[in-house]
Amino acid sequence: MTSLCGACASTLLTTTIPHQSSLFSRSKQQPLQRLIRGGAIRANSNLAVSAADDQQLKKGIAEFYDESSGIWENIWGEHMHHGFYDPDAVVQISDHRSAQIRMIDQALAFASVSEEASKKPRSIVDVGCGIGGSARYLSRKYGAECCGITLSPVQAARAQALATAQGLANKVSFQVADALNQPFPDGKFDLVWSMESGEHMPDKLKFVSELARVAAPGATIIIVTWCHRDLSATEISLRPEEKGLLDKICDGFYLPAWCSTADYIKLLESLSLKDIKSADWSDNVAPFWPAVIRSALTWDGLTSLLQSGWKTIRGALVMPLMIEGFQKGVIKFSIITCRKPE
């Protein structure tokens, strides 16, 4: 039965992809496609996003995670992000959850977040918190108060339930809120954390501006996100085939137009943030998407997927394209960190 299930799932994941362009271009979906199917755009260029398109994108993101978060937790646990692996490592399924924890620790180390009692963060915001895995981990690690925000009511409720079950209800809280209009006062947080949420933001300047606004003087800002490759000095855009690949991924994951790591750096520089640095961790996350696909090919993975809803299935269909994007160097897994001046 398992082998039959795997064969069916493999067919589902590999044969449906070529037909997505016609499938997702139906007239009733075109308003959203005008927003999310840009492939790539410079982060500092004007991207006119109407209020209606913005709300439609947010609704799609929320519903996507409302549908899919339970499946993810059942198979992968509470951390809804890539794992960090040694390049070319041979990994087992049992290695992946520890690799997700390693991703958090590697990001903190890259940003030089101190663990000294007098310097460690006391207040943290997790922007795009999923079901709160990073927020709870960071709160335990530093003894800090942590607020998480997400567009998904299902995620926020589940994150809070897990915090209560883990004895962290007095330290960690979660709410439904927009990362582009955060419900926090200026300068509230010592550590501003965004783990794989920036790719959903239609206005990258507003996104990083909000991260900077809620950061306290001297606070560290950590952005870990999917980017497209940096453009060369002679390029003004990605090649058409590269844009086409990203378009299909945008369809499945409710993503607006992509930007590059270099674009993020320019935006942070424009806000006069300090100690800006970045790294390409694409090689370190290479085992991740193949492992996610393997988990979808199990009996539990396939039955859960088929019961979840169309948005989750549509996301699953583009997972092989994430592998293709990384292999071709079009997609980069980037970390960008900086500090707010004191």
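In this text the structure is predicted, and so the values were computed from the model without any measurement.

Colleague: How should I be thinking about the pairing of strand β5 (residues 215-228) in this particular structure?
Modeller: The two faces of a sheet get side chains in turn, since along a regular strand they alternate between them. Most of β5 is tucked away, with twelve of its 14 residues classed as buried. Each parallel crossover has a hand, and for strand β4 (residues 189-195) linked through helix α8 (residues 204-214) to β5 it is right-handed. Of the pairings in the sheet, the one linking β5 to strand β7 (residues 331-339) comprises nine bridges and is antiparallel in character. Looking at β7, one finds that His-228 is bridged to Ile-331.

Colleague: Could you clarify how one ought to interpret the confidence of the model for the chain in this entry?
Modeller: Atomic detail in the predicted coordinates should be set aside for any region of low pLDDT. Of all residues in the chain, 83% have pLDDT values of 70 or greater, and the mean over the chain is 85. Contacts for the low-pLDDT stretch residues 1-38, under 50 throughout, to residues beyond four places or in other chains number 60 contacts.

Colleague: Please explain the nonpolar core as it appears in this structure.
Modeller: It is characteristic of soluble globular proteins that their nonpolar side chains tend to be buried jointly. Core analysis: the largest hydrophobic core is formed by 64 residues, its most contacted members being Leu-108, Ile-222, Ile-249, Phe-253, Trp-281 and Trp-289. Considering each element in turn, this core owes the most residues, six residues, to helix α5 (residues 96-110). Here Ile-249 is in contact with Leu-255, Trp-258, Val-318, Leu-321, Met-322 and Ile-331, once residues within four sequence places are set aside. The next biggest cluster of nonpolar side chains, apart from the first, holds 29 residues, and it includes Val-192, Ala-212, Ile-221 and Ile-223.

Colleague: Sorry, what's going on with the pairing of β4 here?
Modeller: Most of β4 is tucked away, with six of its seven residues classed as buried. Of the pairings in the sheet, the one linking strand β1 (residues 123-127) to β4 comprises three bridges and is parallel in character. Bridged to Asp-126 within β4 is Trp-193. Pairing of β4 with β5 involves six bridges; the strand directions are parallel.

Colleague: I keep staring at the state of the cysteines and nothing clicks. Help me out?
Modeller: Applying the stated criterion across every chain, the model contains zero disulfides. There is no disulfide at Cys-227, and the cysteine sulfur nearest it, in Cys-259, is 5.2 Å away. The class of Cys-227 is buried, set by a relative accessible area of 0%.

Reading the values: rules and limits
Residues numbered from 1 in each chain as written. Predicted model: local features only at pLDDT ≥ 70, side-chain atom pairs only at ≥ 80, totals over all residues. Heavy atoms only, no water. Buried < 20%, exposed > 50% of the residue type's maximum accessible area, 1.4 Å probe, protein only. Helix = DSSP H or I, 4+ residues; strand = E, 2+ residues; numbered from the N terminus. Right-handed = clockwise from strand over helix to strand, strands pointing away. Pairing = 2+ DSSP bridges. pLDDT = per-residue confidence, 0-100. Contact = heavy atoms within 4.5 Å. Core = buried A, V, L, I, M, F, W, Y, C linked by side-chain atoms within 4.5 Å. Disulfide = S-S within 2.5 Å.

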